[in-house]
Amino acid sequence: MEKDYPRTFRRGAMRQYLLGVDVGTQRTKAVVTTLGGQILGSAQVEYGIEQPFPSWAEQWPHVWEEAVYQTIREAVIKAKISPKSIAAICFSGLYGGSGIPVDKNMTPLRPCLIWMDRRATEEVQWIRENVDINKLFQITGNYVDTYFGYTKILWIKRHEPHIWSKVHKFVPPTSYIEYKLTGRLAMDFSSAGNLGGIFDLKKRYWSEEMARELQIPLELMPEKLVPSTEIVGELLSEPAAKCGLVPGIPVVAGGVDAPMATLSAGAIEQGDNVAMMGTSTCWGVVHGGEGLSPNLVSMPHVVNPHREIYTWGGSATSGAIIRWFRDNFGQFEREVAQKIGIEAYQLLDLEAEKVPPGSDGLLVLPYFMGERAPLWDPKARGTILGLTLYHTKAHLYRALMEAAAYSLRHSIETGLECGLKIKEETRLVGGVAKSRLWVQILADVIGRPVLVPGGNVEAPLADALLAGIGVGVLSDHRVIVEWVGKVKRVEPTKEIHIKYNKYYQLYRKLYQDINEIMHCLADIELNI
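Residues numbered from 1 in each chain as written. Predicted model: local features only at pLDDT ≥ 70, side-chain atom pairs only at ≥ 80, totals over all residues. Heavy atoms only, no water.

(A) Expanded view of the sheet that holds strand 21 (residues 426–429). Reading across from one edge, 17-18-16-15-21-22-23 is the order of the seven strands in this open sheet, with mixed pairing throughout. Edge positions in the sheet fall to strand 17 (297–300) and strand 23 (487–490), since each of these pairs with one other strand and no more. When strand polarity is set aside, the average angle formed by the axes of neighbouring strands in this sheet is 30°. In the sheet, strand 22 (residues 450–453) pairs with strand 23 via four bridges, with the strands oriented antiparallel. Note that in strand 23 the partner of leucine 451 across the bridge is arginine 489. Those strands touched by helix 16 (residues 436–446) are strand 15 (273–277), strand 21, strand 22 and strand 23, and its axis lies near 150° from that of strand 22. (Pairing = 2+ DSSP bridges. Helix = DSSP H or I, 4+ residues; strand = E, 2+ residues; numbered from the N terminus. Axes fitted to C-alpha atoms, helices over the stretch in contact; angles between N-to-C directions. Contact = heavy atoms within 4.5 Å.)

(B) Layout of the packing of helix 14 (residues 344–352) against helix 15 (residues 393–417). The contact between helix 14 and helix 15 brings their axes to 8 Å, and the two run at 100°. Classified by the angle their axes make, helix 14 and helix 15 are roughly perpendicular. Judged by residue contacts, Tyr345, Leu348, Asp349, Glu351 and Ala352 of helix 14 engage Ala394, Tyr397, Arg398 and Met401 from helix 15. Among the residues making up the contact of helix 14 with helix 15, the classes are represented as six nonpolar, no polar and three charged. (Parallel < 35°, antiparallel > 145°, perpendicular 65-115°, else oblique. Nonpolar A, V, L, I, M, F, W, Y, C, P; charged D, E, K, R; others polar.)

(C) Representation of the pattern of salt bridges. If you walk through the whole model with that rule in mind, you get 27 salt bridges. Notably, a salt bridge pairs arginine 158 with glutamate 122, separated by 3.1 Å at the nearest N-O pair. One end of the pair, arginine 158, is in helix 5 (residues 149–159); the other, glutamate 122, is in helix 3 (residues 121–130), and 36 residues separate them in sequence. For glutamate 122, a relative accessible area of 42% gives the class partly exposed. In this structure, the salt-bridge partner of glutamate 491 is arginine 489, at a minimum N-O distance of 2.5 Å. Overall, arginine 489 belongs to the partly exposed group, its relative accessible area being 41%. Here the salt bridges share partners, and the residues they tie into one network are Glu58, Arg110, Asp117, Arg119 and Glu160. (Salt bridge = Lys/Arg side-chain N within 4 Å of Asp/Glu carboxyl O. Buried < 20%, exposed > 50% of the residue type's maximum accessible area, 1.4 Å probe, protein only.)

In structure tokens, the structure reads:
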């Protein structure tokens, strides 16, 4: 039924606008675009993450739901268009880890254990001792770590039996929102693949074999898996009113924010690689299935999901550590910024620009929430080495930026070592791309040209694109290149890259030298 919308609806002259919505870890953003990719209106809402204990991270889905209603309303108002002229809506979202455990009424039973949550260490150990890890990788294309949703599901099973006994489904964030809007439940291929453990990457469906070994009943997973361009259903009357829209608008499946952001950067060919750097870093490359590695994460791509794979690695905290710094040490900048109408980050950047590359001997490991690919170490911890009385707040701020760049380089090098064919330039989207200083640091550290697409809209732009493809008003994802338009190219500075090489080698060695101490600290923390 979802594919049988009348052609007059799909291509009617009145249906000339598209809605893209990204439900992120720390914000939800909506954009309204024309069929040519011009953004007419946008809105965003910020929110926080619940952390009951160190290394835990969870969110209630009603926060996302309310943010979706608000951002859509505001974006449509700013666009100054009639809600009746919207052809379709599409969603992207954060990787929801365990997914939202819901009962038979689709009521959330507890907060969602999101990707950032690292509590399932004992479950990971149980898997390593009781499951054939090589077989798991051969079937799923992925590894075992507390990052993956299947380990978080096992944590709920083991530690919260009162919740487990009531679970009807584990639902990813975008699927939950789409259900609230349409009354229909479906899960896109990228979200299913990102869950890991029980998804067969070759068959593009749940693996009965791995589900048995991991003791996760497959009936707890959404049965309907769809491409990101599939229409899930129509917008119902009640949520339509909350969004300021009209009922009947098709809602398209979308996918995980990282591959969607990769598409939004104009990456349309195999070998194109993009660093999505917001709260975290997801550096990813599109390929045909070669170069799969347990050191990285792989899932079906949001475009051509039956033929193309999206593989990525990246730091759990990049923008997050900068926000942490601003919130804890940038009170002065926040107050001044509010008075003069700019962001505190801009003021912090100005001070950090005065600090030389290498931050005068300051080195940071950015593992403030453990680390995922390619380290796979939930007990890794943030580290600041080299502090002296000479160093200032600006030194530390720049060193945090450099740490994120070192982490990005680590991911790129891992991809090359795995045999992935990666083009020379690395595209960049996300909040990090707003900082001229940070972009130059990235280029200088990785020693590769960095391309910043015009507008830096991120995943919502790709959401709008797939919305149009889903209902047939757009024919090909390659039009994203025209939508993106001019791309800024930032070249690395040779002399500075040579200097950063020395710091990068120390960065890699420092983790190897102190990870045992990190683990001891984590064990003390977890046992208190």
